[in-house]
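# Reading the structure
For reference, the chains in residue letters:
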Amino acid sequence: MKRVTLALLGLLLIIGLAVTASEAGKLLIWADDTRTPIMLKVAEDFTAIYGVEVIVQEVDFGGIRGQLATAGPAGEGPDILIGAHDWLGELILNGLIEPIILTPAIVADFNPVAIDAFSWGNLLYGVPYATENVALVRNTDLVPEVPATFEELLTVAAALTDLEAGKYGFLIQEPDPFHTFALHTAGGGYIFGKDADGVLNPCDLGLDNEGSIAGAILLDQMVKDGIEIAGAGYNEVTGAFNAGDLGMMIGGPWTLPGAKAGGINYAVSAIPTINGNAPGVFVGVQGFMISAFSDNKVLANLFIKDFLISSDVMLGLYIEGDRPPAYLPALAFLAGNEDIQGFAAAAATAVPMPKIAEMGSVWSAWSAALELIVNQTQDPTTAMQDAAAEIRALLGCE
Amino acid sequence: MIWRFVAKHMAKVVLLGTLVGVSIYVCVFLLAKGMYIPAAMPLIGAGLISYIFLSEKRYPLRWLVPGLLFLTVMVVYPIGYTFVSSFTNVGTGHMLGKEQALDQLLDRSYAPENAITYSFLAFANPAGDIALVLEGEGERILYTQGTASAIAVDDPRLVDEDGDGRPERFSNYARLSIPQLVPRLSDLEAYRIEYDNKIIGLQDLNEFRTRTPLYVYDAEAETMTDQQTGVVYAAMEGIFTSADGVEIYPGYKVSVGIRNYLALIRNPQISGPFAMVFGWTFAFATLTVLLNFALGLSTAILLNDPFLRFRTLYRVLMIIPYALPAFIMILVWRGMLNQHFGIINKMLVSAAHMIDYAVNYVAVNVFHTTAVLFGDVTKIPWLSNGMLAKASLLLLNLWLGYPYMMLICLGALQSIPASLYEAARVDGASWWQQFWKITLPLLLMPLAPLLIGAFAFNFNNFTLIWLLTEGRPAIAGATTPAGQTDILISYTYRLAFEGARGNQLGLAAAVSVMIFVVIATISAINFRLTGALEELSKNV
């Protein structure tokens, strides 16, 4: 029965895609539920001025990457899609997206980190609209002062933690390298090093260097001290925070709507220094890309450059999506916004999330290592060394 | 009499006509997309159906054909496609067909020093045909009806009424304003204007530009030559690679023979945990079927007792786990089983407190009884300990699956003649003897195919594993991304999609084929064994 349902759903999807396939003279945009309303408004303007039909199709954000791989080559993909910069490696390797040429004056209007994130070699493959990174999010009723150091943070957290009563001082969602990365970077950990020409070298793996292991040992100590706990996934951590049971967490802009809805007084700040070193965080960038299989590339370029690159649209995307705009004139409007300042402070030492296709193996091996540490199954040094060895073997870098 | 005969055949002709019409429409639709083999399918199908329904000789086939057609489309085709894919390197970097990859690479251009940029004016006649006048570096080119030619500034066909140097009309073509031009941009984009040994293409709203192909392809030698740098890239397993190892993307699918299968055996990265994962997959499927069947049968026998009161109520209550969507319930259970936040551990804490309190009340100054007896029950790692995670999976699957077994057992129990039991009682057989000699053998005969089906389903029960544990917890010291609760299909998923470098669909297809072979073999053996049961039933 399940299979029949799945088959029917698949059939419906294919029919649905076939009906709204990209056609010459018509623009098809893939956007997720958060961005669709904004894109619909812009599409209306475009149609009003030029009489060109623009269809905005809602696709689950995480599903866009996979569906493009099948729909694009079949001639049924979109002209414009939204996506995350760390998809770039896979999309380019598969020949699914097209470079976009922006004049230097327009490029200067964007956050340089965001432009860097969407660049591959010397070509730009997407127009960024938002950056996102994690920061320290704290409940100001429970933790009124920003801890000056990570050591102080742990002391405050230990005082707040009472597992029996369901009260927690500080949680990092686990096992999740994206959120734990800060612990590793403070001591000099990294994922992939860069070659002399600035391209990431998948064989220069920094997951088992001294700094990365120091971060793992710190995490292990947090577990032993009863601060960090097993089974604290995204839902559990944000759930506890939104209920007022959690003092501090490492969280991104996406956690704020829930906190607001829960009536929590919160503040966002940089993650405090560990042993005097500022921890780095990952920056993810979202942007607009053009399908390589589009028959309307000039039209799509026009739509992006003349209609999407504007403060109005970028601010609209911020209001819907809560991520700081990558477009500087729009960001300037938000200069007084404390949340954005907090995330910006945390992003001061940020690195773009690696976008090479090899990251798949890193995420899974690294998650496994963190899980073994949090479950107290393996000691942190061995866990990180095993993970690094696994990745090197998978990528053929012995 | 006669008009009924005509009416009957009219209906047949009309229905078959509709079918043929629709299939021709679908065929043309697919042909327009260049999908030639899928396009042939509806025509062949419609032709076959028409023949079968019009020929009296093929009468019995009429009842079989619809099922066979669906079997082909939904089962045989996907299996065949998977089988074919397992011999290719399809995956990240090799998603496109060779044609598509070549098209894309050969369409790439670069701007050499002598590239020419043309400003342009576009005109359209009432029929919507486009004429272009390009102007750049002293050249004026007229492009209309697919041909390019030089055109003089004072060509009489160009009419400049207001004298601003930008003609408003070209013979009966009127100049397009920007809002009129934009809807036609995609038509202009498709033009490749060949003029004076140059290829000119649309660059943006304002200009055309000469396009110099970046690559030249030599089909004989299968090499791409970069016109800008002169580097030669040779086709290497579906990707153009230079002598010093630089690759140009996208690559394309090529056949790699049995390499994907060899990797499963030879590559220790992949074959290492294979035996362990296979063992757990087998245990998971077998234990699930055994446990679910045992509990389902027990409850069915209980509910089948005519002297039991509130039978209907119990039946409804027991069917609830089956009636709720499994997808949601697995996630709910995942939350309940969470070590620190889950309700189950929280309830255990409360229970432990109550017991401690009660013991302390009876025997003064005895504390922490439960902790002494059972250890720390407050933090049972349901999902983060390997053995417990496996037990959780089996228990949850039991909860989800036993009502189904109960339902089919209830039905099958009705079909066992009561006279057999009467005869057994007359002969003085005990309840257990009746169960082992009558109930079980007679139940197994009709239910065996369903049990085999349940085994095959659970052998591939990706949904349950992925939603409850994601194959975790991780194995300490593992050399691949395999977890302790990974079954073959979830392990395949990890290998293919989290393995090394993007997706390795070819490898995943190879593992799928292996799983198919394993399940087919097990099913065949099982059917052979249940054939023996039928022998037995004849003797009852």
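Because the structure is a prediction, the values reported are computed rather than measured.

The next subject is the overall build of chain B. Along chain B, the regular secondary structure elements total 19 helices and 17 strands. The globule rule puts the C-alpha radius of gyration for 540 residues at 24 Å, and the 36 Å found for chain B is more than 25% above it. Each principal axis of the C-alpha atoms in chain B carries an extent, and together these give about 115 × 90 × 50 Å. Taking all 540 residues of chain B together, the buried fraction comes to 27%. Across chain B, the fraction of contacts at a sequence separation of at least 24, relative to all contacts at a separation of at least 6, is 58%.

Helices and strands together make up the secondary structure of chain A, namely 17 helices and 15 strands. Since a compact globule built from 398 residues should have a radius of gyration of about 21 Å, the 22 Å found for chain A is in line with a globular shape. Judged by the C-alpha coordinates and their principal axes, chain A covers about 65 × 55 × 50 Å. When the 398 residues of chain A are sorted by exposure, 54% land in the buried category. Expressed as a percentage of contacts within chain A between residues at least 6 apart in sequence, the contacts between residues at least 24 apart total 76%.

Residue and element names in this part refer to chain B. Where helix α9 (residues 274–303) meets helix α14 (residues 386–414), the axes come as close as 6 Å, and the angle between the chain directions of the two elements is 50°. By the angle between their axes, α9 is oblique relative to α14. Once α9 is placed against α14, the crossing between them reads as right-handed. Listed contacts from α14 to F284, L287, T288, L291, N292, F293, L295, G296, L297, T299, A300 and L303 of α9 are L393, L394, N397, L398, G401, Y402, M405, M406, C409, L410 and L413.

Residues and elements named next belong to chain A. By the assigned domains, chain A splits into domain 1 (2–131 + 284–347) and domain 2 (133–282 + 353–394). Of note, the centres of domain 1 and domain 2, computed from C-alpha atoms alone, are 29 Å apart. Taken together, the 17 residues of domain 1 in the interface contact 20 residues of domain 2. Elements represented by at least two residues in the side of domain 1 that touches domain 2 include exactly α4 (88–93) and α15 (338–346). Top element by residues in the side of domain 1 that touches domain 2 is α15. It accounts for 6 residues.

Now for the pairing of strand β13 (residues 215–218) of chain B. Residues and elements named next belong to chain B. Relative to strand β14 (residues 223–226), β13 is paired through 4 bridges, and the arrangement is antiparallel. From the neighbouring strand, Y217 faces β14, where its bridge partner is M224. Here β13 hands over to β14 after 4 residues, with E222 in that stretch at a positive phi of 55°.

The next thing to look at is the packing of helix α16 (residues 359–374) of chain A against helix α18 (residues 488–498) of chain B. At a minimum axis separation of 8 Å, α16(A) and α18(B) run at an interaxial angle of 135°. Accordingly, the angle class assigned to the pair α16(A) and α18(B) is oblique. Facing α16(A), whose interface residues are A:G360, A:S361, A:W363 and A:S364, α18(B) presents B:R494, B:F497 and B:E498. Partitioned by chemical class, the residues of the contact of α16(A) with α18(B) number 2 nonpolar, 3 polar and 2 charged.

What follows concerns the interface of chain A and chain B. Contacts between the two partners involve 47 residues from chain A, matched on the other side by 45 residues from chain B. Those elements that place two or more of their residues in the side of chain A that touches chain B are α2 (36–50), α4, α12 (297–308), α16 and α17 (380–394) of chain A. Counting residues per element, the side of chain A that touches chain B draws most heavily on α16(A), which supplies 8 residues. Partitioned by chemical class, the residues of the side of chain A that touches chain B number 25 nonpolar, 14 polar and 8 charged.

A word on unusual backbone geometry. All names here are of chain B. Looking along the chain, the bond that leaves Y249 and enters P250 is cis, with omega of 0°. Here the residue pair R472 and P473 is connected by a cis peptide bond, since its omega of 5° sits within 30 degrees of zero. Structurally, P473 can be placed in the loop between α17 (462–468) and α18. In this model, S171 sits at a positive phi of 40°, which is unusual for a non-glycine residue. Given 13 C-beta atoms within 10 Å, S171 falls into the partly exposed group. In this model, D196 sits at a positive phi of 55°, which is unusual for a non-glycine residue. Its location among the elements puts D196 in the loop between β9 (193–195) and β10 (198–202). A count of 10 C-beta atoms within 10 Å places D196 in the exposed class.

Residue and element names in this part refer to chain B. Two strands pair when backbone bridges link them, and β9 and β10 are joined in this way by 3 bridges, in the antiparallel orientation. Across the sheet, the residue bridging to E194 is I199, located in β10. Hairpin connection of β9 to β10: 2 residues between the antiparallel strands, including D196 at a positive phi of 55°. For β10 and strand β11 (residues 207–210), the ladder comprises 3 bridges, and the chain directions are antiparallel. Residue L202 lies in a different strand from β11, and its bridge partner there is F208. In this structure, the hairpin formed by β10 and β11 is closed by a connection of 4 residues.

The accessible area lost on association of the parts is a frequent measure of interface size. We note that the domain assignment places domain 1 (2–85), domain 2 (98–103 + 215–248) and domain 3 (109–213) within chain B. Relative placement of domain 2 of chain B and domain 3 of chain B: their C-alpha centres are 33 Å apart.

Moving on: the sheet that holds strand β12 (residues 246–251) of chain A. All names here are of chain A. Read across the open sheet, the 4 strands follow the order β9-β12-β8-β13; overall the sheet is mixed. This sheet does not close on itself; its edge strands, each paired only once, are β9 (168–171) and β13 (266–269). Here the average twist between neighbouring strands, direction ignored, is 15°. Of the pairings in the sheet, the one linking strand β8 (residues 135–139) to β12 comprises 4 bridges and is antiparallel in character. The partner of A135 across the bridge, within β12, is G251. Sitting on the sheet, helix α10 (residues 234–242) is in contact with β8, β9 and β12, with an inclination near 135° to β12. In the packing of α15 onto the sheet, the strands contacted are β8 and β13, and the crossing angle to β13 comes to about 30°.

Residue and element names in this part refer to chain B. Ordered by their spatial adjacency, 5 strands build an open sheet running β13-β14-β15-β16-β17, and the pairing between neighbours is antiparallel. Every other strand in the sheet has two partners, leaving β13 and β17 (247–248) as the edge strands with one partner each. Packing against the sheet, helix α4 (residues 98–107) makes contact with β13, β14 and β17, and its axis sits at approximately 140° to β13.

Residue and element names in this part refer to chain B. Among the residues of α4, those classed as buried are Q100, A101 and L105. Looking straight down α4, one finds that the buried residues subtend no more than 130° of arc, so they occupy a single side. Contacts made by the buried residues of α4 are with β13, β14 and β17.

The next thing to look at is the nonpolar core. Residue and element names in this part refer to chain A. In this structure, I29, A369 and A387 are the most contacted members of the largest nonpolar core, which totals 214 residues. Per element, the largest residue contribution to this core is 10 residues, and it comes from α16. Not counting residues within four places of it along the chain, the set of residues in contact with A387 comprises L207, A365, W366, A368 and A369.

The rules behind each value
- Residues numbered from 1 in each chain as written.
- Chains lettered and ligands numbered in written order.
- Predicted model: local features only at pLDDT ≥ 70, side-chain atom pairs only at ≥ 80, totals over all residues.
- Helix = DSSP H or I, 4+ residues; strand = E, 2+ residues; numbered from the N terminus.
- Rg over C-alpha atoms; globule rule 2.2 N^0.38 Å.
- Buried ≥ 20, exposed ≤ 12 C-beta atoms within 10 Å, placed from the backbone.
- Contact = placed C-beta atoms within 7 Å.
- Axes fitted to C-alpha atoms, helices over the stretch in contact; angles between N-to-C directions.
- Parallel < 35°, antiparallel > 145°, perpendicular 65-115°, else oblique.
- Left-handed = near helix turned anticlockwise from the far one by under 90°.
- Domains from an automatic or database assignment.
- Pairing = 2+ DSSP bridges.
- Nonpolar A, V, L, I, M, F, W, Y, C, P; charged D, E, K, R; others polar.
- Arc of directions from axis to C-beta.
- Core = buried A, V, L, I, M, F, W, Y, C linked by C-beta atoms within 7 Å.

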